[in-house]
Amino acid sequence: MSKQRKGTKKKVHDKQRETMEERQDGEEEVDEELEASECVVLRGIFKLGKKSHDVLLTRSRLSWMPIVPETPTGESCVLQPGFLMLQDVYAVKVKRRRAVGQQSGGPVLGVALFHSKRSGRRLEEDTVHLHNASAEHTHTWYNTLKELLKGFSSRPRYVKVLINPSSHRKEAVHIYREHVAALFKMADLRTDITVTERKGHALSVMKECKLEEFDGVVCVGGDGFVAELCHALVLRAQLDANSPLDPVKSRLPLGIIPAGSTDVISCSVHGVRDPVTAALHIVLGHLQQVDMCSFSTLGQSVHFGFSAMFGFGGRSLALAEKKRWMSSSRRREYALIKTLARLRPEECQLSFLPAKKSNPGQFGHKDQDQDRDQDGGSGIEETWTTKQGLYLSISIMSIPCLSPHAPRGLAPNTSSANGSASLIAVGNTTRSEFIKHLKRYNSSSGQLNFSFVEAHDVSAVRVGPLSQVGCSKEESEEEEEEGGSRTAPIIQSQGAFFPWNIDGELVEIANEVLIKVHPRLITLYGEEVDEVESTASCSCI
């Protein structure tokens with residue numbers, strides 16, 4: 001019995017020694033990996049949950065290894081190590097124990113790191129709690145973490161916030177207060193807020209504002225309000241550079257908090273319609289450069305924006321604008337059905353300049369020489385392709401135009417910064433075939449797989465309505481009242497106009513429109529995405 005007990009005891013000690021050696025080897029491997037990649041800034045003991053951990057801080061990440069005590073039987077509890085990248089941390093606070101109603105002071109409990117975590121396309125708030133009752137130890141870690149977070153130069157410290165209280169269901173102010181304001185405060189992001197009072201108010205603010213005081217601009221609203229801010233930022237850059245003819249890149253990035261009915265622009269740079277995700281992109285300083293288009297007629301600049309629709313898209317928006325008393329979804333479906341019932345082609349001349357790509361088949365950034373080529377500054381002769389005919393719809397988009405209704409976008413073959421726009425021209429066809437084309441946008445692919453649809457990557461487009469197109473405002477209103485359906489071309493008369501849908505805003509233009517793509521003209525907070533979460537579908541077709 002004595003020999004058996006000694007043998008059992010020896011096995012237990014051997015197992016304990018092996019477990020200890022394995023754990024030490026694991027810790028040494030982690031330490032060696034950290035030290036090989038970068039120097040350790042701080043090292044200390046904290047509790048995460050109820051277990052003590054050996055915590056290491058480098059300039060790029062925080063990592064922790066559980067400290068597992070010995071057990072009499074030699075068995076060890078398996079606890080996983082973890083880490084947190086500092087690029088995902090937007091705030092650090094000292095934790096204290098306070099009585100009810102106590103506003104300050106209290107015993108130190110440790111440090112809390114507030115960070116983002118990814119869930120699909122969404123960014124969500126999360127917290128890592130490091131518990132340690134030593135005030136000196138805690139403040140050393142707190143001050144060091146604060147200094148490291150200041151090293152992320154792309155993160156804004158002071159932003160100008162503009163809110164459109166009329167967007168969608170008039171919830172923009174509530175969305176900002178409920179989902180964004182507290183997060184900005186937690187990240188120590190100072191704000192100067194303006195709630196707009198009328199259309200064009202944001203443009204006036206941008207012209208008069210001292211932008212040099214800010215690190216960025218944030219807008220809370222729908223696509224029309226976003227387009228107004230982007231247009232204003234480019235105009236302000238032109239004004240500051242004393243360059244009234246040539247577009248100038250905006251110095252300040254723009255953050256978009258979605259509060260509209262479709263939020264196409266927000267979906268294209270966030271991948272999801274979520275104010276928290278948008279706010280986290282802003283506080284973490286996630287930047288991307290985005291192409292924009294200029295729209296002009298008769299040599300006069302009309303607008304800077306991301307997308308334009310002529311024909312079906314313009315007419316349906318014009319009809320929806322007359323039903324503003326309806327809810328946005330009802331108004332949109334009503335206009336879609338009515339426009340389909342009156343479906344007719346527009347006769348026009350379509351010209352486009354094919355885009356030049358540095359790496360065919362891939363979407364990427366082009367160099368400055370290519371930018372000059374597209375602007376006509378290199379002396380290379382530009383060859384335009386011109387067509388004339390009947391078109392149900394013509395769309396020009398410099399971004400994919402993602403939305404829950406079109407998860408791969410209205411322009412699935414383009415990206416936000418490839419230096420070109422997608423021209424999609426839908427020729428004359430039957431109503432049933434056109435509806436099939438529209439319904440494909442709600443699926444994953446096949447939107448352009450029709451004989452009457454042509455798509456091109458372009459750097460410039462001219463759309464010139466011919467003499468048998470257009471209608472006066474009086475004729476349009478009379479048609480709506482009578483409920484009639486026009487199948488014959490309408491003779492253009494004095495005061496004729498052509499409705500354009502430019503970034504969700506109705507613009508009426510009577511002559512040929514020139515659209516030019518300007519690579520990386522504006523910087524937006526967000527990240528490039530190729531598909532959006534699909535949570536909605538149109539029930540009307």
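Residues numbered from 1 in each chain as written. Predicted model: local features only at pLDDT ≥ 70, side-chain atom pairs only at ≥ 80, totals over all residues. Heavy atoms only, no water.

A few points about the overall build of the protein chain
Working step 1: Each helix and strand counted, the protein chain has 12 helices and 21 strands in total.
Working step 2: Burial analysis of the protein chain (541 residues in total) assigns 49% to the buried set.
Working step 3: Put simply, of all contacts in the protein chain between residues at least 6 apart along the chain, 72% involve residues at least 24 apart. (Helix = DSSP H or I, 4+ residues; strand = E, 2+ residues; numbered from the N terminus. Buried < 20%, exposed > 50% of the residue type's maximum accessible area, 1.4 Å probe, protein only. Contact = heavy atoms within 4.5 Å.)

Remarks on the packing of aromatic side chains
Here a ring pair, both rings aromatic, is described through the centre-centre distance and the interplanar angle of the planes.
Working step 1: Inspection of every chain in the model, using the stated rule, returns 7 aromatic pairs.
Working step 2: Ring geometry for Phe312 versus Phe434: centroids 5.0 Å apart, planes at 70°, classification edge-to-face. Taken together, the residues Phe312 in helix α8 (residues 312-321) and Phe434 in helix α11 (residues 431-440) connect sequence positions 122 residues apart. Taken as a pair, Phe312 and Phe434 share a single burial class, namely buried.
Working step 3: Taken together, Phe310, Phe498 and Trp500 form an aromatic cluster joined through their ring pairs.
Working step 4: Arg61 extends its terminal NZ or CZ atom over the ring of Phe83, reaching a point 5.1 Å from the ring centre.
Working step 5: The residue whose ring lies beneath Arg155 is Phe152, and the NZ or CZ to ring-centre distance is 4.4 Å. (Phe/Tyr/Trp six-rings, centres within 6.5 Å; stacked < 30°, edge-to-face > 60°. Lys NZ or Arg CZ within 6 Å of the ring centre and 35° of its normal.)

Regarding the nonpolar core
Working step 1: With 49 residues, the main nonpolar core has Met206, Leu229, Leu254, Phe306 and Leu524 as its most contacted residues.
Working step 2: Among the elements that take part in this core, helix α5 (residues 223-241) stands out by supplying 7 residues, more than any other.
Working step 3: Setting aside anything within four residues of it in sequence, one finds Leu254 in contact with Val217, Val218, Cys219, Val226, Leu229, Cys230, Leu233, Thr523, Leu524 and Tyr525.
Working step 4: One finds Ile163, Leu183, Ala278 and Tyr525 within the second-largest nonpolar core, a separate group that totals 28 residues. (Core = buried A, V, L, I, M, F, W, Y, C linked by side-chain atoms within 4.5 Å.)

Details of unusual backbone geometry
Working step 1: Positive phi values are uncommon outside glycine, yet Asp188 reaches one of about 60°.
Working step 2: Position of Asp188 among the secondary structure elements: in the loop between α3 (172-186) and β9 (190-195).
Working step 3: Non-glycine residue Asn242 carries a positive phi angle of around 55°.
Working step 4: Relative to the helices and strands, Asn242 is located in the loop between α5 and β11 (254-258).
Working step 5: Note on Asn242: relative accessible area 68%, which makes it exposed.

Things to note about the packing of α8 against helix α9 (residues 328-341)
Working step 1: Close contact between α8 and α9 brings their axes to 8 Å; oriented N to C, the two are set at 125°. Between α8 and α9, the angle falls in the class oblique. Our pair here, α8 against α9, has a crossing hand that is right-handed. The segment α8 lies against α9, with Phe312, Arg315, Ser316, Leu319 and Ala320 engaging Arg331, Tyr334, Ala335, Leu336, Lys338, Thr339 and Leu340.
Working step 2: Counted by class, the contact of α8 with α9 contains 7 nonpolar, 2 polar and 3 charged residues. (Axes fitted to C-alpha atoms, helices over the stretch in contact; angles between N-to-C directions. Parallel < 35°, antiparallel > 145°, perpendicular 65-115°, else oblique. Left-handed = near helix turned anticlockwise from the far one by under 90°. Nonpolar A, V, L, I, M, F, W, Y, C, P; charged D, E, K, R; others polar.)

Details of the pattern of salt bridges
Working step 1: Following the criterion strictly, the structure yields 14 salt bridges and no others.
Working step 2: With a closest N to O distance of 2.5 Å, Arg43 and Asp54 form a salt bridge. You can see Arg43 sitting in strand β1 (residues 42-48) and its partner Asp54 sitting in strand β2 (residues 51-57), a full 11 residues away along the chain.
Working step 3: For Asp54, a relative accessible area of 14% gives the class buried.
Working step 4: Where Glu454 meets Lys387, a salt bridge forms, and the shortest distance between an N and an O atom there is 2.7 Å. Placement of Glu454 in strand β18 (residues 453-465) and of Lys387 in strand β16 (residues 385-397) is noted, with a sequence separation of 67 residues between them.
Working step 5: The network of salt bridges with shared partners includes Lys93, Lys146 and Asp188. (Salt bridge = Lys/Arg side-chain N within 4 Å of Asp/Glu carboxyl O.)

Focus on the environment of Arg43
Working step 1: For Arg43, a relative accessible area of 45% gives the class partly exposed.
Working step 2: As for Arg43 and Leu62, which are separated by 19 residues in sequence, their C-alpha atoms are 9.8 Å apart.
Working step 3: In terms of polar contacts, Arg43 uses its side chain to reach the side chain of Asp54, at 2.5 Å. (Polar contact = N/O pair within 3.5 Å; in protein donor to acceptor, adjacent residues only side chain to side chain.)

What about the packing of α9 against α11?
Two quantities define a packed helix pair, namely the angle between the helix axes and the distance between the axes.
Working step 1: Across the interface, α9 lies against α11 with an axial gap of 11 Å and an inter-helix angle of 150°. Contact with α9, carried on its side by Leu336, Leu340 and Ala341, involves Arg431, Phe434, Ile435 and Leu438 of α11 and no other residues of that element.
Working step 2: The residue inventory of the contact of α9 with α11, partitioned by class, reads 6 nonpolar, no polar and 1 charged.

Focus: the side chain of Lys160
Working step 1: Of note, Lys160 is situated in strand β8 (residues 158-163).
Working step 2: A relative accessible area of 4% means that Lys160 is categorised as buried.
Working step 3: Engagement of the side chain of Lys160 in a polar contact is seen with the side chain of Thr194, the distance being 2.6 Å.
Working step 4: Residues in contact with Lys160, not counting those within four places in the same chain, are Asp192, Ile193, Thr194, Val205, Met206, Cys209, Phe214, Gly216, Val217 and Val218.

What about the state of the cysteines?
Note: disulfide means a covalent bond formed between the sulfur atoms of two cysteine side chains.
Working step 1: Applying the stated criterion across every chain, the model contains 0 disulfides.
Working step 2: Cysteine Cys230 shares no disulfide, and the gap to the nearest cysteine sulfur, in Cys219, comes to 6.8 Å.
Working step 3: Cys230 gets classed as buried once you look at its relative accessible area, which sits at 0%. (Disulfide = S-S within 2.5 Å.)

So, the environment of Ile502
Working step 1: Mapped onto the fold, Ile502 is located in strand β19 (residues 498-502).
Working step 2: The class for Ile502 is buried, based on a relative accessible area of 1%.
Working step 3: C-alpha of Ile502 to C-alpha of Asp223: the two residues are 279 residues apart in sequence and 9.6 Å apart in space.

Describing α11
Working step 1: If you check which residues of α11 are buried, you get Phe434, His437 and Leu438. All buried residues of α11 fall inside an arc of 100° around its axis, so they share one side.
Working step 2: For α11, the elements touching its buried residues are α8, α9, β16, β17 (421-427) and β18. (Arc of directions from axis to C-beta.)

Concerning the confidence of the model for the protein chain
Working step 1: Summarising the model, the protein chain shows a mean pLDDT of 81, and 79% of its residues fall at 70 or more.
Working step 2: Low confidence marks residues 1-6, where pLDDT is under 50. Its contacts with residues over four positions away, or in another chain, come to 0 contacts.
Working step 3: Across residues 358-380, where pLDDT falls below 50, the model places 41 contacts with residues more than four positions away in sequence or in other chains. (pLDDT = per-residue confidence, 0-100.)

Some remarks on the pairing of β16
On a regular strand, each side chain points to the face opposite its neighbour's, so the side chains alternate between the two faces of the sheet.
Working step 1: Bridge count for strand β14 (residues 307-311) against β16 is 5 bridges, and the pairing is antiparallel. When the sheet's bridge partners are listed, Ala308 is paired in β16 with Ile396.
Working step 2: Across 7 bridges, the pairing between strand β15 (residues 346-354) and β16 is antiparallel. Across the sheet, residue Gln349 finds its bridge partner in β16, namely Gln388.
Working step 3: Both β16 and β17 contribute to a ladder of 6 bridges, which runs antiparallel. Its bridge partner lying in β17, Met397 is registered against Ser422. (Pairing = 2+ DSSP bridges.)

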